[in-house]
Amino acid sequence: MSVAGLLLAAGAGRRMGRPKALVEFEGRLLVERALALVTEGGCSPNHVVLGASLDEVVATADLTGATVVPNPDWQSGMGSSLRAGLDSLPADADAVVVTLVDQPLLTARTVRRLLAAYEQGAVAAVATYAGKPRNPVLLARSTWADVAALAVGDVGARAYLRSHPELTTPVPCDDVGSPEDLDTPEDLAGLKERGEPTG
């Protein structure tokens, strides 16, 4: 079983004032934290989709071991990054865990739970918090073509998951991290002030 990791980090972070990939939290860039999430969770190989400030991210961040996937169409939204990322994965990848760059309170234990669900037969597995689906998500290769077809604009895998509830396995992850995302400098400041654990 080969489960790849796919990190979507191509956006310009307009509300943040800079690309989120280059935002620092607890001494590490968000793109580095998110890459560690899938790596430590057991995914391999790991691909990082970049767009805005690609050269700066590559020059600044430690992306050791990852394949950088350029998305020249990043301004069209997250859907294009998901499609580019899926297209980049090797033929021997059986499934992929997709995560976003702006959720620093996720933990590797969340990824490991998704992998366990896949091992038990899940075709699509989604981390849930308080019963609501969030990220990351795991997608078996058999879903990729349909996921890509529905990934338009700022819609990623959500459209596929909603249209195929019979194939989607919810994986409760409330006790192993938080899906809270960072969209603005105020979000970042609030997270730092609260001192949320990030284990």
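Scroll up to find the structure this text is about.
Residues numbered from 1 in each chain as written. Predicted model: local features only at pLDDT ≥ 70, side-chain atom pairs only at ≥ 80, totals over all residues. Heavy atoms only, no water.

Student: Is there a simple way to think about the overall build of the chain in this case?
Tutor: Looking only at helices and strands, the chain features 7 helices and 9 strands. Relative to the 2.2 N^0.38 estimate, which gives 16 Å for 199 residues, the radius of gyration of the chain is 15 Å and therefore close to what a compact globule would have. C-alpha atoms of the chain, sized along the principal axes, occupy 40 × 35 × 30 Å. Counting all 199 residues of the chain, 53% fall into the buried class. Sequence separation of at least 24 residues holds for 71% of the intrachain contacts in the chain that already meet a minimum separation of 6. Of the roughly 8900 Å² of accessible surface on the chain, 50% is carried by carbon and sulfur atoms. (Helix = DSSP H or I, 4+ residues; strand = E, 2+ residues; numbered from the N terminus. Rg over C-alpha atoms; globule rule 2.2 N^0.38 Å. Buried < 20%, exposed > 50% of the residue type's maximum accessible area, 1.4 Å probe, protein only. Contact = heavy atoms within 4.5 Å. Areas by Shrake-Rupley, 256 points an atom, 1.4 Å probe, with all protein chains shown as cover.)

Student: What exactly am I supposed to notice about the packing of helix α1 (residues 30-41) against helix α4 (residues 108-119) here?
Tutor: When two helices pack together, their arrangement is given by the angle between their axes and by how far apart the axes lie. Viewed as axis vectors pointing N to C, α1 and α4 meet at an angle of 45°, and their least axial separation amounts to 8 Å. It follows from the interaxial angle that α1 and α4 lie oblique. For α1 against α4, the interelement crossing comes out right-handed. Taken together, the residues of α4 that come into contact with α1 (itself represented by L37, E40 and G41) are A108, V111, R112 and L115. Per-class residue counts for the contact of α1 with α4 are 4 nonpolar, 1 polar and 2 charged. (Axes fitted to C-alpha atoms, helices over the stretch in contact; angles between N-to-C directions. Parallel < 35°, antiparallel > 145°, perpendicular 65-115°, else oblique. Left-handed = near helix turned anticlockwise from the far one by under 90°. Nonpolar A, V, L, I, M, F, W, Y, C, P; charged D, E, K, R; others polar.)

Student: I'm lost on the side chain of S80 in this one. Help?
Tutor: Examined against the element boundaries, S80 turns out to sit in helix α3 (residues 78-88). On the basis of relative accessibility, which here comes to 4%, the residue S80 falls in the buried class. Among the polar contacts made by the side chain of S80, one reaches the main-chain carbonyl oxygen of D73 at a distance of 3.1 Å. (Polar contact = N/O pair within 3.5 Å; in protein donor to acceptor, adjacent residues only side chain to side chain.)

Student: What is the right way to read the nonpolar core from this model?
Tutor: Generally speaking, nonpolar side chains in soluble globular proteins are found buried as a group. Membership of the largest hydrophobic core comes to 44 residues, with the highest contact counts inside it found for V3, L7, A9, V31, V48, V97 and L138. Ranked by the residues each element gives to this core, the list is headed by α1, at 6 residues. Core analysis: the second largest hydrophobic core is formed by 27 residues, A4, L89, V126 and A151 among them. (Core = buried A, V, L, I, M, F, W, Y, C linked by side-chain atoms within 4.5 Å.)

Student: Can you walk me through the state of the cysteines in this structure?
Tutor: Note on terminology: disulfide describes a covalent bond linking the sulfur atoms of two cysteines. In the structure shown here, the tally under the stated rule is 0 disulfides. Of all cysteine sulfurs, the one in C173 lies closest to C43, which takes part in no disulfide; the gap is 13 Å. For C43, a relative accessible area of 3% translates into the label buried. For C173, a relative accessible area of 0% gives the class buried. (Disulfide = S-S within 2.5 Å.)

Student: So what exactly am I meant to see when it comes to the sheet that holds strand β4 (residues 46-50) here?
Tutor: Whether parallel or antiparallel, the strands of a sheet pair through hydrogen bonds between backbone atoms. Reading across the sheet, the 7 strands line up as β5-β4-β1-β6-β8-β7-β9 and stay open at both edges, with mixed pairing between neighbours. Of all strands in the sheet, those with a lone pairing partner are β5 (66-70) and β9 (168-172), marking the two edges. Taking each pair of neighbouring strands and ignoring which way they run, the sheet shows an average axis angle of 25°. As judged from the 6 bridges shared by strand β1 (residues 3-8) and strand β6 (residues 95-100), these two strands associate in the parallel manner. Following the sheet pairing, V3 is matched in β6 by A95. Across the sheet, α3 is in contact with β1, β4, β5 and β6; its angle to β1 comes to roughly 150°. Each of β1, β6, β7 (124-129), β8 (132-140) and β9 touches α4; the most contacted strand, β8, lies at about 50° to it. (Pairing = 2+ DSSP bridges.)

It is worth stressing that arrangement in space is one thing and function is another; only the former is reported here.
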